[in-house]
Amino acid sequence: KIGPQRVIWRYDPILITHHINEEYHVKYFEILASKLHNYTTKCVISFVDFYSKAQRNLKNLGAYEIRDQDKIRIALKLDEIAKAYSLKLETCAEDLDLSEYGIEHSKCIDPDLIGNLLGVKFKTEKDKNQRKLCGCAASVDICAYNTCGHACLYCYANYSGNAVNRNMAGYNPDFPLLCSRLTSEDVISEKNAASCAVLQKSLFD
């Protein structure tokens, strides 16, 4: 309905355990690519980060750090599959530079992509609230920690099961907030946001 340019497939986090090996990723990446390639033009991958909030769960899974040479080999295998299905493979917030293999760094909040879709140019800065390796443009996050009930073991957005249960219990589809309702103690502030669109025409447009 919205077109493949507006749908980006993410295959992440790529983690390796005694049960989830390289062959597993190659197999299931191709299965997913065969099902999704008509509905997207891009797949973004990233290798698992051992965030402090997720380290215990990852250790219990038997996950371990992936060496750079192994990351390169896996990425090239996935890229070969992606190309076979006319998909562009990119990475998210990876310190490993794969550009020499034709695999560029991606941006979740990509002003160039959004601009091309809308026919508008944007002048934006890098989001200072994100990780150093994140290339996203400055944006407003509408999410909240401890609000997802899927309980993925590698998740860094949930760090308290009790908080998750408490927040989910407060969910009401008739309220505008994600997992809570306004109380007399809440403070509502209006955020000043200016347009990033470049309205001045350029001689080179």
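Above this text you will find the structure in question.
Counting of residues starts from 1 at the beginning of each chain's written sequence and follows it residue by residue. In keeping with the model being predicted, local features are shown solely for residues with a pLDDT of at least 70 and side-chain atom pairs are shown and tallied solely at 80 or more, while totals for entire chains, interfaces and linings include all residues. The side-chain numbers reported here are obtained from all heavy atoms of the structure, hydrogens and water having been left aside.

1. Some remarks on the environment of Cys-196
Summarising the element assignment, Cys-196 is placed in the segment after helix H5 (161–169). Discounting residues that sit within four places of it in the chain, Cys-196 has contacts with Lys-121, Phe-122, Lys-123 and Thr-124. Helix and strand definitions follow DSSP, with helices as H or I runs of at least four residues and strands as E runs of at least two, each counted in order from the N terminus. Contacts are residue-level and defined by heavy atoms, with any inter-residue pair within 4.5 Å sufficient.

2. Re the sheet that holds strand S4 (residues 104–105)
One requirement defines pairing of two strands: DSSP has to find at least two bridges between them. Strand order in the open sheet made by the four strands is S1-S2-S3-S4, with parallel pairing throughout. In this open sheet, the two strands that pair with only one neighbour each are strand S1 (8–14) and S4. In this structure, strand S2 (residues 42–47) lies alongside strand S3 (residues 88–91), joined through four bridges in parallel fashion. When the bridges of S3 are listed, Ile-45 appears paired with Thr-91. Each axis is a line fitted through C-alpha atoms, and for a helix only the stretch in contact is used; angles between axes span 0 to 180 degrees, taken between their N-to-C directions. Helix-sheet contacts for helix H1 (residues 22–36) involve S1, S2 and S3, and the interaxial angle to S1 is about 170°.

3. Some thoughts on the pairing of S3
In this sheet, S4 lies alongside S3 in parallel orientation, the contact comprising two bridges. From the neighbouring strand, Thr-91 faces S4, where its bridge partner is His-105.

4. Quick look at H1
Taking 1.5 Å of rise per residue, the 15 residues of H1 would be expected to cover 21 Å, and the 21 Å separating its terminal C-alpha atoms lies within 8% of that figure. The classification of residues rests on relative accessible area computed with a 1.4 Å probe and restricted to protein chains. Under 20% of the type maximum is buried, over 50% is exposed, and intermediate values are partly exposed. Of all the positions in H1, only Glu-22, His-25, Phe-29 and Ala-33 are classed as buried. An end-on view of H1 places all buried positions within 60° of arc, on one side of the element. Along H1, the residues that are exposed and aim more than 90 degrees away from the buried face are Glu-23 and Lys-35. An expected span of 1.5 Å times one less than the residue number is assigned to each helix. By arc we mean the arc of the directions from the helix axis to the C-beta atoms, nothing more.

5. A closer look at the environment of Leu-182
Along the chain, Leu-182 turns up in the segment after H5. A C-alpha to C-alpha distance of 41 Å links Leu-182 and Gln-200, two positions 18 residues apart in sequence. Residues in contact with Leu-182, not counting those within four places in the same chain, are Leu-177 and Ile-188.

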